[in-house]
Amino acid sequence: MIPVATQALVMRSAALVARGLRDLSRESNWLVKKVFAGRAGQVAVSPAGQVCALSPLVRQGSESIALYDVELGVPLLALAVPGDSSVAAPGKPAAFAWSPTGQHLVAAWGGWLPELHAFDLHAKKFLGAFGDYANFPSHLAWSDEENYFAAASSGAGSASVRLWAVSRRGSGEMLFAAEPLSELTLEACRAWPEWRPEQRSDSREDGAADGSDADGADFADSAEPAGFRRSAFSPDEGSLACVVEIEGEWADDSLAILEIPSLRKQNVFHAQGHITDLAWTYDSRQIIFCSAGQASRLTADTMEPEPLPFGAELCACHPHLPICLCFSSWLKNSAKGRLFLVDLNRLKIFDEYAAEGVVDLRWSLDGSKAYAVTSDGLAYLYEPPLL
Amino acid sequence: MALKAADPRPAKPGAASIPKPPKPEDQELARKLDEQAATEGDLAERELRVANLRAELSAFERRYLHFLGSRYAELDECKAQLAEQFARQHPENERAQQAAREARARADETASAAGEQSTQEPRAFEATPEMKRLYRDVAKRIHPDLTSDRDDRAKRQRLMAEANQAYEQGDEAQLVKILNEYECSPESVKGEGAGAELVRVIRRLSQARGRLAEIEAELQQLLRSDLYQLHERVRDAEKDGRDVLREMSAKVDEQIAQARGRLESPDADSR
């Protein structure tokens, strides 16, 4: 038995000591940690600093889904679905979505049956499957208050955006009904007038109204939506912004603003290039989006776009401050990537940090820190003393 | 094997008697007493090591809290005030309200962990060779695991706790007093009878070995602690002539100044 005096010595100032140790370890507001070895096909970080990764099992030549903790750098557990194999041949698609508190995770994986799988990580329990699909989900998203969940899919045919209401039940109980609350099918989306040439030229990002885009190319033909990709709920849970993929390899993406919970169209915005990420500002008034390596913001009421003076491929808005965390894989005159923060009021960049291969960004629930993770198992922790 | 013939002659009166061979229990007792002496020495050494480490870490913790505790508390207080200010300015922002409540709770927690700051800088722990010798003697003589008597054990436990405290505080006179107090007590008189004594020694050995295992666990817990890691980092830096605690304090002071600046002119910077 360890004496009480020793236990007390180790415990009484533990939080302050850990804080000092951490402050001592870093030169800036960024801290880099190795979370897992190898290269993961799909990675998602939670607001609580847990990482869900589709990572290769080196010896067996197969893949499995494992959870890691950014701080501990060790696997916490492997995700398993009763009756399904927990390993599969490499290369199968995967999509993960952490709930805003980090308690729940919804996952889809080519190694499991074609359904969405819900887990309660606090109870370490598989809750059940829901939302069977024909097209693999291209993106999964939770709303900030955890009242809604959306699954988007592309690949034509039965591509859709589906919305579920999350039921408030006790820990360890299933949160989702089998059938969605509402659904926007590709067919319904294709019927919107926004895809007609005259409508597109009216609401184009570059403002061109002469039937040609910025490069002078003609876009007189109708655009045909081919599917849905990234989506993001507004923090007030009033709208869902969803990327609409347009048919054709070089076709630009559009951004549809949908009403919650009906998924009725509110607005459509035609962007330039492919939209790689989008995030709502904390006040639900603006959407920051990254397309063709450029960051822009769109005012939701007026659909007025504004290019921001920096490039970015990923973005995540602070939960209650006008600040956005961004990642860009290249800098001017350099092939190096960087993470950085932007004061959205002053459009001022601060706390830049060199980083490569970032695939996911996330703020903690209270906004005191942020995480960025790479496919190679690195995690960048942003922990400013003041925010 | 050749057998030696026994001497048939009767023993002469007045001749020196042949010493009796020691009884098996006496031989065993002698062996066990040797073993006990060795274990007592080992136990005393290890008790000294863990007491040293505990005292060093305790002193380091006081120094750390003296320099950083109150500063972190002040910084968290500023952060809470900033969050509350932002929440007041944006009453519709529920997340900002929540963040302000959490920042306030964190500030209270830090203030409570930091405790009261002493005006004088606490000294680092350093035991003199005489203190170490005295502590070893105390541990050998009055270690609670070296007795099989229940009342004696209780008394030793009390005295050992006092000895640990005296050692941490560098109180040499108190260590001498504790040792004398026990040496003069009736419990220090050993019982008689080889058999009974053998049982007592075996039990003491078993207790001492149990305590050795406990000391090892205690040492490991201390060595694995963040407090030890931080202590080592600071000590290594001191060897290079750096005063890390003061450097860290200066950094936190800067952050406090920045936070105060923002509290005074909230519109200067949204961050």
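Residues numbered from 1 in each chain as written. Chains lettered and ligands numbered in written order. Predicted model: local features only at pLDDT ≥ 70, side-chain atom pairs only at ≥ 80, totals over all residues. Heavy atoms only, no water.

A. Representation of the overall build of chain B within the structure. Within chain B, the secondary structure is distributed over eight helices and zero strands. Listed by position from the N terminus, the elements making up chain B come as α-α-α-α-α-α-α-α. Within the span of chain B, comprising 271 residues, buried residues form 42% of the whole. Intrachain contacts of chain B at a sequence separation of at least 6 include 78% that bridge at least 24 residues. Per element, the accessible surface of chain B, about 15900 Å² overall, is 50% carbon and sulfur. (Helix = DSSP H or I, 4+ residues; strand = E, 2+ residues; numbered from the N terminus. Buried < 20%, exposed > 50% of the residue type's maximum accessible area, 1.4 Å probe, protein only. Contact = heavy atoms within 4.5 Å. Areas by Shrake-Rupley, 256 points an atom, 1.4 Å probe, with all protein chains shown as cover.)

B. Examining the overall build of chain A more closely. Counting secondary structure elements, chain A contains four helices and 29 strands. Computed over C-alpha atoms, the radius of gyration of chain A comes to 22 Å, within 12% of the 21 Å expected from 2.2 N^0.38 for 387 residues, which places it in the range of a compact globule. Its C-alpha atoms give chain A principal-axis dimensions of about 80 × 50 × 40 Å. By the burial criterion, 56% of the 387 residues in chain A qualify as buried. Residue pairs at least 24 apart in sequence account for 46% of intrachain contacts in chain A once pairs closer than 6 positions are excluded. The positive charge centre, built from 31 side chains, and the negative charge centre, built from 49, are 8 Å apart in chain A. (Rg over C-alpha atoms; globule rule 2.2 N^0.38 Å. Lys, Arg positive; Asp, Glu negative; His and termini not counted. Charge placed at Lys NZ, Arg CZ, Asp CG, Glu CD.)

C. Region of the structure containing the pairing of strand β27 (residues 358-363) of chain A. Residue and element names in this part refer to chain A. Pairing of β27 with strand β28 (residues 370-374) involves five bridges; the strand directions are antiparallel. When the sheet's bridge partners are listed, R362 is paired in β28 with Y371. Following β27, the chain reverses through six residues before pairing antiparallel with β28; G367 in that reversal takes a positive phi of roughly 75°. (Pairing = 2+ DSSP bridges.)

D. Highlighting a nonpolar patch on the surface. Where nonpolar side chains cluster on the molecular surface, the patch consists of A:L72, A:V74 and A:L76 and spans about 250 Å² of accessible area. Residue placement: A:L72 occurs in the loop between β4 (62-69) and β5 (75-78). (Patch = residues over 30% accessible without salt bridge, like charges linked within 9 Å, V, L, I, M, F, W, Y side chains within 5 Å. Salt bridge = Lys/Arg side-chain N within 4 Å of Asp/Glu carboxyl O.)

E. Region of interest: helix α4 (residues 150-169) of chain B. All names here are of chain B. Between its first and last C-alpha atoms α4 spans 29 Å; for 20 residues at 1.5 Å apiece the expected length is 28 Å, and the two agree. All buried positions along α4 are accounted for by D152, K155, R156, L159, M160, A163, N164, A166 and Y167. Of the surrounding secondary structure, the elements contacted by the buried residues of α4 are α1 (24-89), α3 (129-142) and α5 (172-183). The positive-phi residue at the C-terminal boundary of α4 is G170, with phi of around 70°. (Expected span 1.5 Å × (residues − 1).)

F. How the structure looks around the sheet that holds strand β23 (residues 314-317) of chain A. Residues and elements named next belong to chain A. Spatially, four strands are ordered β23-β24-β25-β26 in an open sheet, and the strand pairing comes out antiparallel. Looking at the sheet topology across the chains shown, the edges are occupied by β23 and β26 (348-354). The mean angle between the axes of side-by-side strands here comes to 20°, regardless of whether they run parallel or antiparallel. As judged from the five bridges shared by strand β25 (residues 338-343) and β26, these two strands associate in the antiparallel manner. Within β26, the position partnered with V342 by the bridge is I349. (Axes fitted to C-alpha atoms, helices over the stretch in contact; angles between N-to-C directions.)

G. Structural context of the domain arrangement of chain A. All names here are of chain A. Looking at the assigned domains, one finds that chain A contains domain 1 (31-130), domain 2 (147-270) and domain 3 (274-362). Between the C-alpha centres of domain 1 and domain 3 there is a distance of 26 Å. Counting residues at the interface gives seven residues for domain 1 and five residues for domain 3. With both sides pooled, the region where domain 1 packs onto domain 3 buries about 450 Å², and carbon together with sulfur makes up 57% of that total. In terms of surface lost to domain 3, no three residues of domain 1 exceed V32, V43 and V45, which account for 64% of the buried area on that side. There are zero salt bridges connecting domain 1 and domain 3. (Domains from an automatic or database assignment. Buried area = accessible area lost by both parts, 1.4 Å probe.)

H. A look at the side chain of A:R338. Its place among the elements puts A:R338 in strand β25. Polar side-chain contacts of A:R338 include one of 2.7 Å to the side chain of A:E352. (Polar contact = N/O pair within 3.5 Å; in protein donor to acceptor, adjacent residues only side chain to side chain.)

I. Geometry of the pattern of salt bridges. Residue and element names in this part refer to chain A. Here the structure, examined in full by the defined rule, presents 44 salt bridges over all chains. Taking the shortest distance from any N to any O, the salt bridge between R297 and E306 comes out at 2.8 Å. Residue classification places R297 among the buried residues on the basis of a relative accessible area of 10%. Residues participating in the shared-partner salt-bridge network are R22, K33, E71, K369 and E383.

J. How the structure looks around the interface of chain B and chain A. Counting from both sides, the interface comprises 46 residues of chain B and, opposite them, 38 residues of chain A. In this structure, the connection of chain B to chain A is made through two salt bridges. Salt-bridge contacts for A:R19 lead to B:D76; the nearest nitrogen and oxygen are separated by 2.7 Å. At the boundary of chain B with chain A, the tally comes to nine residue pairs in polar contact (both at pLDDT 80 or more). Where the side of chain B that touches chain A is concerned, the elements lending two or more residues are α1, α2 (94-114), α6 (194-224), α7 (226-239) and α8 (244-264) of chain B. Examining the composition of the side of chain B that touches chain A, we find that 13 residues originate from one element, α1(B), more than from any other.

K. Local environment of the confidence of the model for chain A. All names here are of chain A. When the pLDDT values of chain A are averaged, the result is 88; 91% of them are 70 or greater. Mean pLDDT values over the elements of chain A span from 68, in helix α4 (residues 197-202), up to 98, in β23. Segment residues 208-218 is flagged for pLDDT under 50; beyond a separation of four residues in sequence, or across chains, it makes 15 contacts in the model. (pLDDT = per-residue confidence, 0-100.)

L. Representation of the confidence of the model for chain B. Residues and elements named next belong to chain B. On average, residues of chain B carry a pLDDT of 83, and 86% of them reach 70 or more. Between residues 1-8, whose pLDDT stays under 50, and residues either more than four places distant or in other chains, the model counts zero contacts. Two summary scores accompany this predicted model of the complex, namely pTM at 0.74 and ipTM at 0.72.

M. Representation of the nonpolar core. B:Y64, B:L68, B:L245 and B:M248 are the most contacted members of the largest nonpolar core, which totals 40 residues. For this core, the secondary-structure elements that each account for two or more residues are α1 (4-12) and α2 (14-25) of chain A together with α1, α6, α7 and α8 of chain B. The dominant element in this core, judged by the number of residues it contributes, is α1(B), at 14 residues. Every residue in contact with B:L68, bar those within four places of it in the chain, is listed here: B:L245, B:M248, B:S249 and B:V252. (Core = buried A, V, L, I, M, F, W, Y, C linked by side-chain atoms within 4.5 Å.)

N. View of the pairing of strand β17 (residues 254-259) of chain A. Residue and element names in this part refer to chain A. In terms of burial, β17 is a largely internal element, five of the six residues being buried. Sheet topology places strand β16 (residues 239-246) next to β17; six bridges connect them, and they run antiparallel. Bridge pairing links V243 to L255 in β17. Where β17 and strand β18 (residues 265-270) come together, five bridges link them in antiparallel fashion. Paired with A256 across the two strands is V268, which belongs to β18. Here β17 folds back onto β18, and the loop between the two strands holds five residues, one of which, L263, carries a positive phi near 65°.

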